[in-house]
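# Structural characterization, general
Next come the chains, spelled out residue by residue.
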Amino acid sequence: MTEPKKIPQKLQMLQAVKGMNDILPPESARWEWLEAKMRSVLQRYGYQNVRTPIVEPTALFVRGIGEVTDIVEKEMYAFEDRADKHGQAEHLALRPEMTAGVVRAMIEHSYLRDSGRRLYYFGPMFRREKPQKGRYRQFHQMGVEALGFAGPDVDAEVILMGSRLLRELGLGPEHVRLELNCLGAPAERRAHREALVAHLEAHKALLDEDSQRRMYSNPLRVLDTKNPALQDMANAAPKLLDFLGEESLAHFNGVRAILDAAGIAYTLNPRLVRGLDYYNLTVFEWVTDKLGSQGTVCGGGRYDGLIEQLGGKPTPAVGFGMGLERMLLLLEEVGVAPEAPTPQAYAVVPSSEGLPQVMVALEQLRAAGVSVVLHPGQSSMKSQFKKADASGARYALVFGADELARGEVAIKPLRDAAALQVSRPLAAVADWAAELLRA
Ligand code: ATP
Ligand code: MG
């Protein structure tokens, strides 16, 4: 590879790429907490984990997400790989979302032949957007995809699951609201499209450049505009809901009946179309007012046409993606703070003399399930106890020369002034380790 002639300033200072964040302690502990909470809910619904590559053929996203979308037109990190010995170079892209990749994997490995699949994923996604709070160039999603299920039951299931996720994280209707729409079937969308194009043509002078360009190629997306000057025009546009036939309405009402029975409140938003082309029937978003224009924390819906579009057998599917950065920002905003994980014990080691014996005892404690942090290197007792205290540990384990000579360790409670220091034999750690685990 040829080196660039002038080393860019960025490289000299070794900074992360703009819009791509390091996630460091203690912040990373909040991520682990969030992910563990989410996994626990996902498993209760019988969803299974999938992991697909971060890099995929560019064509997968062009075909899957749609050519006339912000993501494919402007936001995708696409590049040409180095040529092979025949001079052929692959067109590759960093995934901007994961549904297309999951569908590709399911088709490629014939995973949809016998029965449906309920899947979930966590991972980084990449979009070249203007970085701001809640909007990054590398961001993370948790998502679910239920493939092979046509009925409204599974649409409702993924919405109920989203609701439970939010609830268990401490977020209720006062923090996030559910918006719902039905995009119908392709024929209904065509009929609506005709009426919509006529409406847009009547207001052509008003439209901004983006909207004019999309008026014919993707008129539904014009309604998704964030331009304040276009809101009245968009509100007055013909509504897809009015073009739905019996079957679509029955599906939509089926979803609504389940949500109503489960006590999940929602608002119907006829302008909700989502930023990707593959959706049909049910679409939904969980939205908050607390994150400005980055208010969508979760979006999803049904995409019955995508699997066939990507070369598989026609298979119905529904799913959603949840932005983890936005979830964490929202949790912070509303004051939900997980407890920082702390070790149960901190090992104070005054001299290096008995170190092998100490390290072996610590290994036995860890084998018994105790989390214990070793004070590294040598320093004064005073500074070791200061560190022990700062670690948040419940106990200091003091491996003094006297204790070691007796084959013991002193256990000093750090959080309970009334509790007494005791000694325990090193040879029988397993017999008393449970004392340390009792928090
Ligand atoms: P927006 O309208 O805010 O751009 P979107 O419709 O493009 O969102 P989706 O493609 O539906 O978003 O992705 C699902 C979720 O992923 C979003 O609801 C959001 O929480 C999160 N997300 C999307 N893009 C970003 C980004 N650039 N930075 C951080 N989170 C994002
Ligand atoms: Mg977007």
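Now for a quick tour of the structure. Think of each chain on its own: its residues are numbered from 1, step by step along the sequence as written. By the order in which they are written, chains take letters starting at A while ligands take numbers starting at 1. pLDDT decides what is reported in this predicted model: residues at 70 or higher carry local features, side-chain atom pairs at 80 or more are listed and counted, and totals for whole chains, interfaces and linings draw on all residues regardless. As a rule here, side-chain values cover all heavy atoms of the structure and leave hydrogens and water aside.

## Looking at empty space enclosed by the protein
How we decide: For cavity detection a 1 Å grid was placed over the protein atoms alone, and a set of points counts as a cavity when a 1.4 Å probe fits there but cannot get out; an open set counts as a pocket when protein lies on both sides within 12 Å along at least five of seven lines, with lining residues being those that have an atom within 4 Å of a point. Grid points are joined across faces, edges and corners, and a volume is the space filled by probe spheres set on the points. Residue polarity is assigned by list, with Asp, Glu, Lys and Arg as charged and Ala, Val, Leu, Ile, Met, Phe, Trp, Tyr, Cys and Pro as nonpolar; anything else, Gly included, falls into the polar class.
Applying the stated rule across the entire model yields one cavity of 30 Å³ or more. In this structure, the largest cavity occupies an estimated 50 Å³ of space. Every residue along the wall of the largest cavity is listed here: His-192, Leu-220, Leu-223, Ala-234, Asn-235, Ala-237, Pro-238, Lys-239, Leu-240, Pro-270 and Arg-271. Considered class by class, the residues forming the lining of the largest cavity number seven nonpolar, two polar and two charged.

## Quick word on the site of ligand 1
Let me state the cut-off plainly: A cutoff of 4 Å decides nearness: a residue is near a molecule or strand if any of its heavy atoms lies inside that distance of it. Polar contacts, as counted here, are pairs of nitrogen or oxygen atoms within 3.5 Å of one another; within protein the pair requires one atom able to donate a hydrogen and one able to accept it, and residues that are adjacent in sequence qualify only if both atoms are side-chain atoms. Only the protein chains shown count as cover for residues, and the accessible areas themselves come from Shrake-Rupley with a 1.4 Å probe. Secondary structure is summarised from DSSP: a helix means a run of H or I of at least four residues, a strand means a run of E of at least two, and numbering begins at the N terminus for each.
Inspection of the region around ligand 1 gives 17 residues, with Arg-127, Glu-129, Arg-135, Arg-274 and Thr-296 positioned closest. Glu-129 is positioned with one of its side-chain polar atoms (N or O) 2.6 Å from a nitrogen atom of ligand 1. Within the backbone of Thr-296, one N or O atom sits 2.9 Å away from an oxygen atom of ligand 1. Relative to its unbound accessible area of 590 Å², ligand 1 is 91% covered by the protein chains. For the shell around ligand 1, the elements supplying multiple residues, two or more each, are strand S6 (138-147), strand S10 (296-302) and strand S11 (317-323). The element contributing the most residues to the shell around ligand 1 is S10, with four residues. In terms of residue class, the shell around ligand 1 is made up of five nonpolar, six polar and six charged.

## A short note on the environment of Ile-411
In plain terms, the rule: Throughout, a contact is declared for two residues whenever any of their heavy atoms are within 4.5 Å.
Note that Ile-411 resides in strand S15 (residues 408-413). Put simply, Ile-411 and Ala-345 are 66 residues apart on the chain and 9.0 Å apart in space, counted from C-alpha to C-alpha. Among residues more than four places away in sequence, those in contact with Ile-411 are Tyr-395, Ala-396, Leu-397, Leu-420, Gln-421, Val-422, Arg-424, Trp-432 and Leu-436.

## Structural notes on a negative patch on the surface
Condition: Like charges are joined within 9 Å and nonpolar side chains (Val, Leu, Ile, Met, Phe, Trp, Tyr) within 5 Å, but only among residues with over 30% relative accessible area and no salt bridge; these make up the patches. Salt bridges are identified by distance alone: a Lys or Arg side-chain nitrogen within 4 Å of an Asp or Glu carboxyl oxygen. Only four residue types enter the charge count, namely Lys and Arg as positive and Asp and Glu as negative; His and the chain termini do not. By convention, charge coordinates are those of NZ in Lys, CZ in Arg, CG in Asp, or CD in Glu.
Together, Glu-80, Asp-81, Asp-84 and Glu-90 line one region of the surface with negative charge. Topologically, Glu-90 is positioned in the loop between strand S3 (78-80) and strand S4 (91-94).

## Some details on unusual backbone geometry
Going from Pro-25 to Pro-26, the amide bond is cis rather than trans, its omega being 5°. If you check the backbone angles, Leu-14 has positive phi at about 50° while not being a glycine. Within the fold, Leu-14 resides in the loop between helix H1 (9-13) and helix H2 (27-44). Backbone geometry at Ser-110 places phi at a positive 50°, although glycine is not the residue there.

## As for the pattern of salt bridges
Condition: Under the scheme applied here, a residue whose accessible area is under 20% of the maximum for its type counts as buried, over 50% as exposed, and between as partly exposed, the area being computed with a 1.4 Å probe on protein chains only.
Scanning the model with the defined rule gives 23 salt bridges in all. Here Asp-210 and Arg-213 are joined by a salt bridge, their closest N and O atoms 2.6 Å apart. Placement of the pair is Asp-210 and Arg-213 together in helix H8 (residues 209-217), with a separation of three residues, close to one helical turn. Relative accessible area serves as the criterion here: at 40%, Arg-213 is assigned to the partly exposed category. Measuring nitrogen to oxygen at the nearest pair gives 3.2 Å for the salt bridge that ties Arg-406 to Glu-408. Through salt bridges with shared partners, one network takes in Asp-70, Glu-73, Lys-74, Asp-210, Arg-213, Arg-214 and Arg-221.

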